[in-house]
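Chains, contacts and geometry: an overview
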Amino acid sequence: MTKVLVPTICPYCGAGCGFFVAVERERAVGIEQMPYHPVGEGALCSKGNASLEILHHQERLTSPLKRKDDGWAKISWDEAVGLVARGIGEAMRDYGPEKIALLASSKCTNEENYLIQKLARLLGTPHIDNCARLCHAPSVVGLNRTLGAAGMTNPIPDIANSRCIFIIGSNLAENHPVVSRWIHRAKDAGAVVIVADPRATPTSWMADIFLQLSPGTDVALLKGIAHQIVKEGLIDRGYIAERTRGFEEFEGSVGEFTPEMAAEITGVPAEDIIRAARAYASSPASMILYSMGITQHTTGTDNVQAVSNLALITGHIGRAGTGVMPLRGQNNVQGACDMGALVEFYPGYRRADDPGTIDLFSTAWEAPALPTGPGLTATEMIGAAASGDIRAMYIVGEDPANSDPSSLSVKRALEGLDFLVVQDIFMTATALVADVVLPAAAWAEKEGSFTNTERRVQWSSKAVEPPGSALPDLEIICLVARSLGLDFDYPDAASVLAEINRTVPQYAGITRERLGKEGGLVWPCPSCDHPGTPILHSSGFRLADGRGSIVPVHYRPAAEGESLEYPFLLTTGRIALHHNAGSMTRRSPSLIGRAPDLFVEINPADAEKLGIDDGDLVAVSTERGETEAAARLTEGIKRGVVFMPFHFPGTNILTTEAADPEARIPEFKVSACRIARRD
Amino acid sequence: MAFYVDITRCIGCRSCEVACERVHGGRGHVQVHFVEDSASVPLFCHHCEEASCAAACFSGALFKEDTRTAFDVEKCTGCGLCSLACPFGVVWTDKIAHKCDLCDGRPEPTCVATCPADALSTDLDHLSRRARSRGARAAAQGGRR
Amino acid sequence: MRSFVFPEFEIIRDEERCGSCRGCERQCALGTHAYDPVADRLVSDDRKCAGCQRCVIFCPQKAIVVRPSPSFYRPNASWSREKIEDLKRQAETGGVLLTGCGSDKPFRIYWDHILLNASQVTNPSIDPLREPMELRTFLGRKPEMLEISREGKEVEIKTELYPNLTVETPILFSAMSFGAISYNAFKSLATAACRSGTYFNTGEGGLPREMRGEFGRCAIVQVASGRFGIDAEYLNVAQAVEIKVGQGAKPGIGGHLPGEKVSAAVAETRMIPQGTDAISPAPHHDIYSIEDLSTLITALKEATNYEKPISVKIAAVHNFAAIASGIVRAGADIIAIDGLRGGTGAAPKAIRDNVGIPTELAISSLDRRLREEGIRNRSSIIAAGGFRSSSDVIKAIALGADAVYIGSAALIAMGCTLCQKCYTGNCNWGICTQNPRLSGRLNVEIASQRLSNLISAWSHEIREMLGGMGINALESLRGNRDHLRGVGLYEWELDVLGIKGAGE
Amino acid sequence: MIRVDPRLCIGCLSCSNVCPSQNILRTETAEERRIRWKRCREECDLCVELCPTEALTLVPIDESAPEPEVSFPLAGCRICGRRYAPEPMLRRVEAALPKSQTSEWVWDCPACRRRAEAERTTAETVAARRRRRV
């Protein structure tokens, strides 16, 4: 039997590793390495290796479903699309288009995300968002303000060229495992690695300097470092003068903030802060990698700005081995943002509140009345749904009932909607409360482009047919749009990409033909002969007068702190074997078999006081709810802090809805909680 | 041929376990062990020069072939003597023995190809050269840290 | 070179039933079945299958069917599939096509055209369950006349009798050598022969030393053109010595045991180096005339002190009766006549299927010839070649044989399915192989039990048929062709057989 | 059916594994392993062929003969105490090992061998990382 190797992009994290799906008799039978792939060099983490397990999974949705009595009835696509058109159409007719909301998916292709946001805006609602809100909204807001572009400044393999790598709020060894190979390459060449994290994680194993700070004190740590750099004159005066503005004000803001003060707040010894400051500032090329430990805070935007401040004052940006590197969580969260599936941006990061943008797209889409943004963010939509300001929702490939904070109230809010349609590959917690569920194709069952965390746009080909009557998201969106009276005539992903080439300047030169041939292009790529731009900001910033802006930030404590009633700080994160809400990984036998249960990491000293042994079942409770988990005692976590992975339904029952005032990201990383042994 | 691990690189992601399981029909031959939350190490067959498993095998299913310890599934009866004879506990038996076959027929063992941290290699010289150069540079920069 | 030959068989596995126990994989020495650990299922390579049905029988789930491949070439009366494929095989190998077992060609089987008589009214039939029924047979030269002295009630035979073999039933195991068949198969035959009061024939491979004490009393030892394994003890422990001149499956051809089958035990028994080919020349290089044969017969009688009957085995060929007459005159006490369907471990297909004459005709013409010459008493006739049932045996005796040799029938009793791959040495049933893994499958106790059961069953049936004919001793049936009638035979065939047509 | 020589059997379960007819039953508790040969009519001989100690023989079926049964107490691990293998198997392994090697580890269970190996190989790295963290 002939085996065909189909090149695809891993459906899990944002690293965007490529691999071949081996297809035999129309089934995906194996994975073959892609040794020339620029990011992974053929490597795959455990999730990538298990990715095929979800393709032919028995729980896949194979037919459109509608709610019937207490269960579900299989229906035809005609009926399903009719129901969606009626549900959304009635809500629009009765309450107006701004009473409906759409959630795009950072798991879908660029083309699909483009169409979803276009659908939303042509229907007249500004409420279109995606789950970037829950991971990197502060990066979009913060980096757009300071650097003029939201994305990793340098490609992942460039990490190997760095001589000092500062990893803050990222457990990349577990969440983006292939990134660690480049860090090790840098270490082989003599690089110093600094890791700041409340937990000792496998990432911290790589560290030469490990700063174990208290959750929510990142700004204090970064300011302490900045203070030391300024004090010792390790700043790059030439760079500051030529390329930035705002340094004077910044200098004033850090003047008082000594490492000793930072030590007081963060719990990190002052000498370590000083060592880190010297290492970062004095190396020939330093790089900062961060992810959700920085962004998922009420101070997320401040954290991001504090990070970019460090890079700007030392001039560690715009060259090989330097930069500010937000590691994105989902395989296409970068692309979904690029495509404008965000409340504040139209495609290509054009501001939604700018009349120029509206004019531009009115012409491009031949639509006279496009809504002005910003609309309601993903988390605000839920609140609006609860209060009746949103009447109908169309959710594509997202699971807010699991992934959003305070998930019990999310579920209640969604249940209160007049009409909810969910489009997914599995029956997620969100789909369970929907009126209509549409079965979608998984990544290898459709084609399209994905943009990874380093802005590399890659084409993923179709390997196998979707199960049952499931359809690619692109086709479903077109069906729904046409049933709502819109002229969505896109025969395939390539035809959508052609429109993207015309409307998104960063993608202008990223054509289907080039992606097929060249195996990935890094945006901005403004024309067909442009080679792509792996390193941003090498000749200035896309801001007024081309200067990066140094923005003073002020330390604010997290929304919740320890109290007598809730004496522990709960922080959340990911583990190596699961991905996000886990709708895929918890169905993968080889992954769930290795990490079957929700656990909570506790410092042994704390545990002893509470009389908890390793493996005991404990109740973790916050003001919002209570969850059971198995205790896991480890010295790796600070006293007074506990950690839970958020891949299981229980965790987000606990987390707070308190959000960053600008980026509206919830503070997943700090919640005050109480622990008690379950007997 | 055997393969080697650079323990300082291993990040405990268990990719090798899952990959091995994938290419061997659900029966993996690698197990990642964690030590005190401070290090992890994949344990796999060393293809011992004097292989105890082969010495204990009565049916000829396990045997030395050049430098590797080969396994002929056709001959295995699942007696489990090899599992008890492996000093490292990395030969498993469940109705039938299974152990590392260096991914026979593939250009490179899958665990080596898939290791995200580049911690595994079939080339011991390469690993030790890399480790030596890292050690030397760390020593040279010792003052600055 | 890619083979253009269809797989002979098609293997159908019922996936629903198959429990992936891998029994079939372990049973098949030809490697037909293989386990795919990734898919957790068994896969089969039709091309390797010999159709021996071992896997079918031993599949605990009865999930396997092996049947002839349905593929066909364009039907052509002249070019049958077999002819086309034999030709292709030769085009691919450039060699003689080998095969095993007896000829499978559709020559007329006269047994199936001969009917037995039975008693009605005028002469009573006999109930073998109530009255004695004599199957005991003496094989060897009988005197011209018998002088008896009678003193009172004592009767004494004054004529000196020639040495004879006494068999309790007229069924002997044909010559199958250790080497061609496995030790266990060989020993099973010997054990069964001793237990059933009959004889097994060692073939030309000698008699392993450790078997001589226990099994000599039911052995006929063979002296063949290769002279393998012959010593004085060998000749003397046996009850008869047979000079093998020809074999029904390959008249005019010698034997060839490939070196791979010459294991240590085979080598020791045959007195040749281990791993060397054991080649039996086509002729005996000391026999070029009846006189030469006579010399050998006399030599063997000398060697055995004139205590054993000497048999001469020849293949049934066109003018064999005249030759047999010469053999009798040369001093043979028994003539074994091996017909067209005689079996073999390995023979060129062209020879097996095209040389010789059917056993039925051979028995009849030999018996008649010897009677006509008045020398029938000087030699017993053992017929061989394709005896399939007790009725074949009884018809042979009515045609003039004293007893019969069974070969294939005995092997089938032990498990053989006539897959005809004996020459490969990979017999899955453990019969025609020297691979210890395979031969171990044949359990001597169980196999000999099956053989004894077979002899016992046939003997019972022969008694039943004899009783029906109103005869109470087998002696009385020998050459008694009035008890036979032919159906569907040509005149000449009836003439050769010496029987009347049915209804005459 | 099968005759078993209990002096030769080491309790390895080869026979039970290869029996296509599931005629060789095994029961294993935390303390002991028990094997019972049903009075089978199969003459497939696989168990006989694949017995490492030639403890089995094929014999004609005998309805009156009792079904052979053997049981072995499991030996306990020196480290964790878990019972993991019949002692005769361990003795056979010990005898089979190359004489140049030590063999007392045979009496540790495979899980403990793995743990020991992991601890041994990572000792240096763990120590270095602890120094760094403190």
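Residues numbered from 1 in each chain as written. Chains lettered and ligands numbered in written order. Predicted model: local features only at pLDDT ≥ 70, side-chain atom pairs only at ≥ 80, totals over all residues. Heavy atoms only, no water.

A word on the sheet that holds strand β19 (residues 448-451) of chain A
Residues and elements named next belong to chain A. One open sheet accounts for 3 strands, arranged β19-β20-β21; its pairing is antiparallel. Strand pairing shows two members of the sheet lacking a second neighbour, β19 and β21 (521-522), which therefore form its edges. Looking at chain direction, β19 and strand β20 (residues 456-460) are connected through 4 bridges and run antiparallel. Bridging from a neighbouring strand, S449 pairs with W459 of β20. Seen against the sheet, helix α3 (residues 110-123) touches β19 and β20 and runs at an angle of roughly 90° to β19. (Pairing = 2+ DSSP bridges. Helix = DSSP H or I, 4+ residues; strand = E, 2+ residues; numbered from the N terminus. Contact = heavy atoms within 4.5 Å. Axes fitted to C-alpha atoms, helices over the stretch in contact; angles between N-to-C directions.)

Concerning the domain arrangement of chain C
A common way to state how big an interface is: give the accessible area lost once the parts meet. Residue and element names in this part refer to chain C. In terms of domains, chain C is made up of domain 1 (9-95) and domain 2 (160-501). The straight-line distance from the C-alpha centre of domain 1 to that of domain 2 is 33 Å. Contact residues are listed per partner, giving 14 residues for domain 1 and 10 residues for domain 2. Counting each side, the surface lost to burial between domain 1 and domain 2 is near 1,000 Å², with a carbon and sulfur contribution of 50%. (Domains from an automatic or database assignment. Buried area = accessible area lost by both parts, 1.4 Å probe.)

Focus on the nonpolar core
One finds I88(A), I159(A), I183(A), Y394(A) and L438(A) to be the most contacted residues of the largest nonpolar core, which totals 164 residues. Top element by residues in this core is helix α2 (residues 77-95) of chain A. It accounts for 9 residues. Not counting chain neighbours up to four residues away, the residues in contact with I183(A) comprise I159(A), I165(A), I167(A), L172(A), V193(A), M206(A) and L289(A). Residues A192(C), I243(C), C416(C) and I431(C) belong to the second largest nonpolar core, which totals 123 residues. (Core = buried A, V, L, I, M, F, W, Y, C linked by side-chain atoms within 4.5 Å. Buried < 20%, exposed > 50% of the residue type's maximum accessible area, 1.4 Å probe, protein only.)

Digging into the interface of chain D and chain B
With 36 residues of chain D at the interface, the matching set in chain B holds 32 residues. Both sides of the chain D and chain B interface together cover about 2,900 Å² of buried area, and 60% of this is carbon and sulfur. Linking chain D with chain B are 1 salt bridge. In this structure, R130(D) engages E36(B) in a salt bridge whose closest nitrogen and oxygen atoms are separated by 2.7 Å. Applying the counting rule to chain D against chain B returns 11 residue pairs in polar contact (both at pLDDT 80 or more). Elements supplying a minimum of two residues to the side of chain D that touches chain B: α1 (14-18), β6 (83-86), α3 (87-96) and α4 (110-133) of chain D. The leading source of residues in the side of chain D that touches chain B is α4(D), at 14 residues. Partitioned by chemical class, the residues of the side of chain D that touches chain B number 18 nonpolar, 8 polar and 10 charged. (Salt bridge = Lys/Arg side-chain N within 4 Å of Asp/Glu carboxyl O. Polar contact = N/O pair within 3.5 Å; in protein donor to acceptor, adjacent residues only side chain to side chain. Nonpolar A, V, L, I, M, F, W, Y, C, P; charged D, E, K, R; others polar.)

Quick look at the state of the cysteines
The tally for this structure, following the rule as stated, stands at 1 disulfide over all chains. What pairs with C194(C) in a disulfide is C218(C), and their sulfur atoms sit 1.8 Å apart. On the S-S bond that ties C194(C) to C218(C), the torsion sits near -45°, and the link is left-handed. Of this pair, C194(C) sits in helix α4 (residues 183-196) while C218(C) is found in the loop between α5 (209-215) and β13 (219-223), placing the two residues 24 residues apart along the sequence. The burial state of C194(C) is the same as that of C218(C); both residues are buried. Counting only cysteine sulfurs, C115(B) is the nearest neighbor of C13(B), a cysteine outside any disulfide, at a range of 6.2 Å. (Disulfide = S-S within 2.5 Å.)

Some thoughts on the interface of chain B and chain A
Counting from both sides, the interface comprises 33 residues of chain B and, opposite them, 36 residues of chain A. Roughly 2,800 Å² of surface becomes buried between chain B and chain A when both sides are summed, with 45% attributable to carbon and sulfur atoms. Taken together, the links from chain B to chain A amount to 6 salt bridges. In this structure, R106(B) engages E32(A) in a salt bridge whose closest nitrogen and oxygen atoms are separated by 3.5 Å. At the junction of chain B and chain A, the tally comes to 17 residue pairs in polar contact (both at pLDDT 80 or more). A total of 6 residues in the side of chain B that touches chain A trace back to one element, the largest contributor, which is helix α1 (residues 15-23) of chain B. A breakdown of the residues in the side of chain B that touches chain A according to their chemical character gives 11 nonpolar, 9 polar and 13 charged.

Considerations on the packing of helix α12 (residues 390-399) of chain C against helix α15 (residues 444-469) of chain C
Residues and elements named next belong to chain C. Interhelical geometry of α12 versus α15 gives an angle of 50° and a closest axis separation of 9 Å. Taken together, the axes of α12 and α15 are oblique relative to one another. Crossing handedness for the pair α12 and α15: right-handed. For the pair formed by α12 and α15, the contact residues are S390, S391, V393 and I394 on the first element and W458, E461, I462, M465, L466 and M469 on the second. (Parallel < 35°, antiparallel > 145°, perpendicular 65-115°, else oblique. Left-handed = near helix turned anticlockwise from the far one by under 90°.)

Re the UniProt feature "domain: 4Fe-4S Mo/W bis-MGD-type" (unreviewed entry) in chain A
Following the UniProt record, the feature "domain: 4Fe-4S Mo/W bis-MGD-type" (unreviewed entry) maps to residues 3-59 of chain A here. Here residues 3-59 of chain A is 7% helix and 33% strand, with 26 Å between the C-alpha atoms at its ends. (UniProt positions renumbered as here; feature names shortened; annotations may be inferred.)

Looking at the sheet that holds strand β3 (residues 27-32) of chain A
Residues and elements named next belong to chain A. In space, the 3 strands of this open sheet follow the order β1-β2-β3, with antiparallel pairing throughout. A single partner strand is all that each edge strand has here, and the edge strands are β1 (4-9) and β3. Looking at each pair of strands side by side, their axes are set apart by 35° on average, direction ignored. For strand β2 (residues 18-24) and β3, the ladder comprises 5 bridges, and the chain directions are antiparallel. Paired with V21 across the two strands is I31, which belongs to β3.

Examining the domain arrangement of chain A
All names here are of chain A. Domain boundaries in chain A define domain 1 (4-54), domain 2 (65-130 + 332-522), domain 3 (137-326) and domain 4 (568-677). For the pair domain 2 and domain 4, the summed buried area comes to about 1,400 Å², and 59% of that belongs to carbon and sulfur atoms. For domain 2, the biggest contributors to the area lost against domain 4 are N402, P405 and S406; these three give 35% of the whole. Linking domain 2 with domain 4 are 1 salt bridge, by the criterion used here. Between E380 and R664 there is a salt bridge whose closest N-O contact spans 2.9 Å. Put simply, domain 2 and domain 4 have 8 residue pairs in polar contact (both at pLDDT 80 or more) between them. Listing elements by their share of the side of domain 2 that touches domain 4, those giving two or more residues are α18 (378-387), α19 (400-403) and α20 (407-415). Take the side of domain 2 that touches domain 4: its biggest share by element is 3 residues, from α20.

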